[in-house]
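Breakdown of the fold
As a plain string of letters, each chain reads:
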Amino acid sequence: AQKVTQAQTEISVVEKEDVTLDCVYETRDTTYYLFWYKQPPSGELVFLIRRNSFDEQNEISGRYSWNFQKSTSSFNFTITASQVVDSAVYFCALSEATETSGSRLTFGEGTQLTVNP
Amino acid sequence: GAVVSQHPSRVICKSGTSVKIECRSLDFQATTMFWYRQFPKKSLMLMATSNEGSKATYEQGVEKDKFLINHASLTLSTLTVTSAHPEDSSFYICSARHLSGNTIYFGEGSWLTVV
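Turning to the overall build of chain A, a few remarks are in order. Within chain A, the secondary structure is distributed over zero helices and twelve strands. Counted from the first residue to the last, chain A has its helices and strands arranged as β-β-β-β-β-β-β-β-β-β-β-β. Over its C-alpha atoms chain A spans a radius of gyration of 14 Å, differing by no more than 12% from the 13 Å that the globule rule assigns to 117 residues. Here the C-alpha coordinates of chain A stretch approximately 45 × 30 × 20 Å along the principal axes. Among the 117 residues that make up chain A, the fraction classed as buried is 45%.

Here is the structure:
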């Protein structure tokens, strides 16, 4: 069975601080995908990143960066110089990568990030 | 712009009635769509996998007779909540898997309130 754990339920920072959101996952699959989504108060899910289990390179996109460590089954997300607009719930998710599975997503519980001015 | 559209975005219905939520992939074909449910301040829970032209596959604990899913075309899946009760009030969100690969697009979600 797959499981995604986001131990941080809520995080509150002051604008311009860096913040890291933790994600730990469990899966028996050797091939899988990891995702991060942002959910603002309006409810829609905003796709941030997808990472293949074979690609352990860290990725940076503007103020966002992701640290994938297969050895510790972690896929952490860092926001540098946070802004008020970053306030949202962030979900880490895991997907099998087999055709038959259809890429069903298992979500973590989410981390509510509040960036205060 | 959105590539997966849900309608309605918000709906209020009376207990005992049925309500239908549509999920459309706007500019791509999706043989597989997924329906999730999200309670306030909670995670998204997969309800069912909707396959075009065949029966949906429901997750354990989800009543298939209560949550009817129809995937009649490559661009449309519908979720019908039958005989709705206040405890069915929730945020329902769909996703669609692009035929070309493993890209998954989410709809904007639908808020259902049963009174």
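Attention now moves to the pairing of strand S12 (residues 111-116) of chain A. Residue and element names in this part refer to chain A. Burial along S12 is one-sided: Thr111, Leu113 and Val115 are buried, while Gln112, Thr114 and Asn116, pointing the other way, are not. Across five bridges, the pairing between strand S2 (residues 10-14) and S12 is parallel. Each residue of the ladder has a partner; that of Val14, found in S12, is Asn116. Where strand S10 (residues 88-96) and S12 come together, three bridges link them in antiparallel fashion. In the sheet register, Ala88 faces S12, and the bridge partner there is Leu113.

Turning our eyes to something else, we now look at the sheet that holds strand S8 (residues 76-81) of chain B. All names here are of chain B. Overall, antiparallel pairing links the four strands, which are arranged S1-S3-S8-S7 in an open sheet. Pairing within the sheet leaves two strands with one partner each, and these edge strands are strand S1 (4-7) and strand S7 (67-73). Each strand of the sheet is rotated relative to its neighbour by a mean of 15°, with strand direction disregarded. Bridge count for S1 against strand S3 (residues 19-25) is four bridges, and the pairing is antiparallel.

What is meant by a disulfide is a covalent connection between two cysteines, made through their sulfur atoms. Residue and element names in this part refer to chain A. Considering all chains together, one arrives at two disulfides over all chains under this definition. Paired through a disulfide, Cys23 and Cys92 show a sulfur-sulfur distance of 1.9 Å. Disulfide Cys23-Cys92: the torsion about the S-S bond is -65°, which places it as left-handed. Note that Cys23 is positioned in the loop between strand S3 (19-21) and strand S4 (24-26) and Cys92 in strand S10, a separation of 69 residues in sequence. Classification of Cys23 as buried rests on a relative accessible area of 0%.

A ring pair, where both rings are aromatic, is described by two values, the distance of the centres and the angle of the planes. The final tally for this structure, using the stated rule, is 19 aromatic pairs over all chains. Relative to Tyr32 of chain A, the ring of Tyr25 of chain A has its centre 5.2 Å away and its plane inclined at 55°; by these criteria the two rings are tilted. Given a relative accessible area of 3%, Tyr25 of chain A falls into the buried group. Assessed through its relative accessible area of 4%, Tyr32 of chain A is described here as buried. Aromatic ring contacts, followed pair by pair, group Phe35, Tyr37, Phe47, Phe91 and Phe107 of chain A together with Tyr36 and Phe106 of chain B into a single cluster.

This part takes up the confidence of the model for chain A. Reading predicted coordinates in detail is not appropriate for stretches of low pLDDT. Here chain A averages 91 in pLDDT, while 95% of its residues score no lower than 70. For chain A, per-element mean pLDDT is lowest for strand S7 (residues 59-61) of chain A, which scores 87, and highest for S3 of chain A, which scores 98.

Time to look at the side chain of Gln39 of chain A. Relative to the helices and strands, Gln39 of chain A is located in strand S5 (residues 32-39). Within the structure, Gln39 of chain A has its side chain in polar contact with the backbone oxygen of Gly43 of chain A (distance 2.8 Å). There is a polar contact of 2.8 Å between the side chain of Gln39 of chain A and the side chain of Gln38 of chain B. Among residues more than four places away in sequence, those in contact with Gln39 of chain A are Glu44, Leu45, Ala88, Val89 and Phe91 of chain A together with Gln38 and Phe91 of chain B.

Here we come to the interface of chain A and chain B. At the junction of the two partners, chain A supplies 19 residues and chain B supplies 19 residues. Carbon and sulfur atoms make up 50% of the area that chain A and chain B hide from each other, which totals about 1600 Å². In this structure, the connection of chain A to chain B is made through zero salt bridges. Between the two partners, chain A and chain B, sit three residue pairs in polar contact (both at pLDDT 80 or more). Broken down by secondary-structure element, the contributors of at least two residues to the side of chain A that touches chain B are S5, S10 and strand S11 (105-107) of chain A. With four residues, the top contributor of residues to the side of chain A that touches chain B is S5 of chain A. Of the residues in the side of chain A that touches chain B, the class split is seven nonpolar, six polar and six charged.

Definitions and limits used
- Residues numbered from 1 in each chain as written.
- Chains lettered and ligands numbered in written order.
- Predicted model: local features only at pLDDT ≥ 70, side-chain atom pairs only at ≥ 80, totals over all residues.
- Heavy atoms only, no water.
- Helix = DSSP H or I, 4+ residues; strand = E, 2+ residues; numbered from the N terminus.
- Rg over C-alpha atoms; globule rule 2.2 N^0.38 Å.
- Buried < 20%, exposed > 50% of the residue type's maximum accessible area, 1.4 Å probe, protein only.
- Pairing = 2+ DSSP bridges.
- Axes fitted to C-alpha atoms, helices over the stretch in contact; angles between N-to-C directions.
- Disulfide = S-S within 2.5 Å.
- Phe/Tyr/Trp six-rings, centres within 6.5 Å; stacked < 30°, edge-to-face > 60°.
- pLDDT = per-residue confidence, 0-100.
- Polar contact = N/O pair within 3.5 Å; in protein donor to acceptor, adjacent residues only side chain to side chain.
- Contact = heavy atoms within 4.5 Å.
- Buried area = accessible area lost by both parts, 1.4 Å probe.
- Salt bridge = Lys/Arg side-chain N within 4 Å of Asp/Glu carboxyl O.
- Nonpolar A, V, L, I, M, F, W, Y, C, P; charged D, E, K, R; others polar.

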